[in-house]
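# Understanding the architecture of this molecule
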Amino acid sequence: QVQLVESGGGLVQAGGSLSLSCAASGSIQSIYAMGWYRQAPGKQREVVAAIGRDGRINYATSVKGRFTLSRDNAKNSVYLQMNSLNAEDTAVYYCNAYCAGDGCYDPRGYDYWGQGTQVTVSS
């Protein structure tokens, strides 16, 4: 099993910055990718940024140039630095880990999710 613990959400003014952290524990060896997703009220959950084992990072077009995803393998953690925030960034942000193999809920592949952290951008 994999556990994800998020931190760093909060309230920030438009144009401001916020940093999110996600620490993974458990079957770390079976995690193939990690990333951040967000979901606004009444909206579908969407990917914000994700990183694979090769270190390549994919960003949503709406956040490219403003958000930066980073990874610390030694700490089994990923981070999301969010700059130039605007009201459209308001959402619950979820850390995601894709797990496949031994120790995963479904060894064929399973998405684990953090508890979610609220990011609210005020203007």
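Residues numbered from 1 in each chain as written. Predicted model: local features only at pLDDT ≥ 70, side-chain atom pairs only at ≥ 80, totals over all residues. Heavy atoms only, no water.

## Some points on the nonpolar core
Buried together is how nonpolar side chains tend to be arranged in soluble globular proteins. Formed by 30 residues in total, the largest nonpolar core has its most connected members in Leu4, Met34, Trp36, Leu80, Met82 and Tyr93. Mapped onto this core, the elements with two or more residues apiece are strand E1 (2-7), strand E3 (18-26), strand E4 (31-39), strand E5 (46-52), strand E7 (67-72), strand E8 (77-82), strand E9 (91-99) and strand E11 (117-122). Counting residues per element, this core draws most heavily on E9, at five residues. (Core = buried A, V, L, I, M, F, W, Y, C linked by side-chain atoms within 4.5 Å. Buried < 20%, exposed > 50% of the residue type's maximum accessible area, 1.4 Å probe, protein only. Helix = DSSP H or I, 4+ residues; strand = E, 2+ residues; numbered from the N terminus.)

## Section: the state of the cysteines
A covalent bond between the sulfur atoms of two cysteines is referred to as a disulfide. What the rule picks out here adds up to two disulfides. A sulfur-sulfur distance of 2.0 Å marks the disulfide that ties cysteine 22 to cysteine 95. With the S-S bond torsion at -80 degrees, the cross-link from cysteine 22 to cysteine 95 turns out left-handed. Note that cysteine 22 is positioned in strand E3 and cysteine 95 in strand E9, a separation of 73 residues in sequence. Comparing cysteine 22 with cysteine 95, the two get one shared label, buried. Cysteine 99 shares a disulfide with cysteine 104; S-S distance 1.8 Å. Its S-S torsion of approximately -80 degrees makes the covalent link between cysteine 99 and cysteine 104 left-handed. Cysteine 104 matches cysteine 99 in its accessibility class, with the two residues each being buried. Disulfide partners in the chain, listed by the sequence order of the bonded cysteines, are 1-2, 3-4. (Disulfide = S-S within 2.5 Å.)

## Details of the sheet that holds E3
As summarised here, the arrangement of the four strands in space is E1-E3-E8-E7, forming an open sheet in which the pairing is antiparallel. Of all strands in the sheet, those with a lone pairing partner are E1 and E7, marking the two edges. When the angles between neighbouring strand axes are averaged without regard to direction, this sheet yields 15 degrees. Here six bridges tie E3 to E8, and the two strands are oriented antiparallel to one another. Looking at the pairing, serine 21 lines up with tyrosine 79 of E8. (Pairing = 2+ DSSP bridges. Axes fitted to C-alpha atoms, helices over the stretch in contact; angles between N-to-C directions.)

## Quick notes on the side chain of serine 30
Its location among the elements puts serine 30 in the loop between E3 and E4. According to the relative accessible area criterion, serine 30 is buried, its value standing at 4%. Polar side-chain contacts of serine 30 include one of 2.5 Å to the backbone oxygen of aspartate 102. Filtering out sequence-adjacent residues up to four positions away, serine 30 remains in contact with Arg53, Tyr98, Cys99, Ala100, Gly101, Asp102 and Cys104. (Polar contact = N/O pair within 3.5 Å; in protein donor to acceptor, adjacent residues only side chain to side chain. Contact = heavy atoms within 4.5 Å.)

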